[in-house]
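# Structure assessment
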Amino acid sequence: MTPLSVLDLSPVPVGSTPGQSLRNSLDLAQHAERLGYNRLWLAEHHNMRGIASAATAVVIAHVAAGTSTIRLGAGGIMLPNHAPLMVAEAFGTLAALHPGRIDLGVGRAPGTDQITAHALRRNLEQDINGFPQDVVELMGYFREPEPGQKVQAVPGAGLDVPVWILGSSLFGAQLAAALGLPYAFASHFAPAEMERAVEIYRARFQASEHLEKPYVMLGLNVFAAATDDEANLLKSSQQQAFVNLRTGMPGPLPAPVEGYEETLDLHARAILRQSLSCTVAGSPSTVKAGVEEFIQRTGADEIMATGHIFDHKARIRSYEILAEVMIAGQQAEPARASG
């Protein structure tokens, strides 16, 4: 069975608050744990009124304290925004508190717009080679300290914190392959280079102390409901959010709208076609067939399902249906890519 996992951005619906969204994230994680999902990751985004997971490590701590077995992590930490030592300390702290349950996915994008990136004190003129160097430095802080090592991550040094490379282009695939790390591709919003990236990663993978063979996790938007029509209605909230974001009008997650796609011009339809092509929406049987086809087509080692659904109860039900048709009620083992 291909493991199923969850990507949560703590969506903030219109009329709600970030506080409620963060409480919803814990509730979702508790349901995911009960349903047999392998892991739940939270993502770092900034200056987005529709996403409450900006302080990603803090949110992971909140969720970890209310769960007991599901793996938790960052999908991901945008490393150019942070000093590697501080990331190692934050995730070392999480691993010390919740041993064997913490993952660290890292990406090289700022996770925001250029103005906000400046506000984050990010060096926008750094060389592209800075990200690989930062990843290597970060991983070094999780190793046992060497004699005379002057800078250590406390907590962090000697702890088991698997590092993943995230990507939406060929760059991350090449880096993950070179370092022998697991690779997560953001096909749920940037699918254009998915197949080529996976091909490059698998072809160039070099076994390491972290991983013996390539391991690919792919993002997939899933909207499951009692009927196809209901699921497509739920999907319209995420469609609106993407069009709003790509046209410079980001905001809270909109309520679903009947026949939303029919109201769009050609440009907006192209945005959806290019960004959200890796989407499965429908009744239980439709979702089962769609997810199975995606796994067969891509050969994914793991699927990370996501879905921005306006109503929290409907979002929980969507993940329940996905688990019912794909996990078949069997509690998945808390597996991990690197062990």
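Residues numbered from 1 in each chain as written. Predicted model: local features only at pLDDT ≥ 70, side-chain atom pairs only at ≥ 80, totals over all residues. Heavy atoms only, no water.

### What about helix H1 (residues 18–35)?
For H1, with 18 residues, the first-to-last C-alpha span of 25 Å sits near the 26 Å given by 1.5 Å per residue. Gly36 occupies a position one or two residues after H1 and carries a positive phi of about 95°. (Helix = DSSP H or I, 4+ residues; strand = E, 2+ residues; numbered from the N terminus. Expected span 1.5 Å × (residues − 1).)

### Some remarks on the nonpolar core
Ranked by internal contacts, the top residues of the largest apolar core, which has 83 residues, are Tyr37, Phe91, Leu104, Val135, Tyr201, Val291 and Leu322. A total of 7 residues in this core trace back to one element, the largest contributor, which is helix H11 (residues 312–326). Apart from residues lying up to four places away in sequence, Tyr201 is in contact with Ala173, Ala176, Ala177, Leu181, Pro182, Tyr183, Leu211, Pro214, Tyr215 and Val216. (Core = buried A, V, L, I, M, F, W, Y, C linked by side-chain atoms within 4.5 Å. Buried < 20%, exposed > 50% of the residue type's maximum accessible area, 1.4 Å probe, protein only. Contact = heavy atoms within 4.5 Å.)

### Examining the pairing of strand S3 (residues 71–78)
Among the 8 residues in S3, 8 count as buried, and that is most of the element. In the sheet, strand S2 (residues 39–42) pairs with S3 via 4 bridges, with the strands oriented parallel. By the bridge assignment, Trp41 is partnered in S3 with Gly73. Once the chain exits S2 it traverses helix H2 (residues 56–65) before rejoining the sheet at S3, and the crossover so formed is right-handed. Bridge count for S3 against strand S4 (residues 102–107) is 6 bridges, and the pairing is parallel. Directly across from Gly73, in S4, lies its bridge partner Asp103. Each parallel crossover has a hand, and the one from S3 via helix H3 (residues 84–97) to S4 is right-handed. (Pairing = 2+ DSSP bridges. Right-handed = clockwise from strand over helix to strand, strands pointing away.)

### As for the side chain of Glu302
Tracing the sequence through the fold places Glu302 in strand S9 (residues 302–306). Its relative accessible area of 0% is what places Glu302 among the buried residues. Side-chain polar atoms of Glu302 contact the side chain of Ser5, separated by 2.5 Å. Residues in contact with Glu302, not counting those within four places in the same chain, are Thr2, Pro3, Ser5, Asn38, Arg39, Trp164, Tyr215, Val216, Met217 and Leu218. (Polar contact = N/O pair within 3.5 Å; in protein donor to acceptor, adjacent residues only side chain to side chain.)

### Digging into the packing of aromatic side chains
The tally for this structure, following the rule as stated, stands at 7 aromatic pairs. Seen from their ring centres, Trp41 and Trp164 are 5.1 Å apart, and the 85° between their planes marks the pair as edge-to-face. A residue pair is termed long-range when its members are at least 10 positions apart, and Trp41 in strand S2 and Trp164 in strand S5 (residues 163–167) qualify at 123 residues. In this structure Trp41 comes out as buried when scored by relative accessible area, which is 1%. Under the relative-accessibility criterion, Trp164 is labelled buried at 1%. An angle of 65° between the planes, with centres 6.2 Å apart, marks the rings of Tyr183 and Phe185 as edge-to-face. Given a relative accessible area of 0%, Tyr183 falls into the buried group. Phe185 sits in the buried class, given a relative accessible area of 3%. Taken together, the aromatic side chains of Tyr183, Phe185, Tyr201 and Phe205 make up a single cluster linked through ring pairs. (Phe/Tyr/Trp six-rings, centres within 6.5 Å; stacked < 30°, edge-to-face > 60°.)

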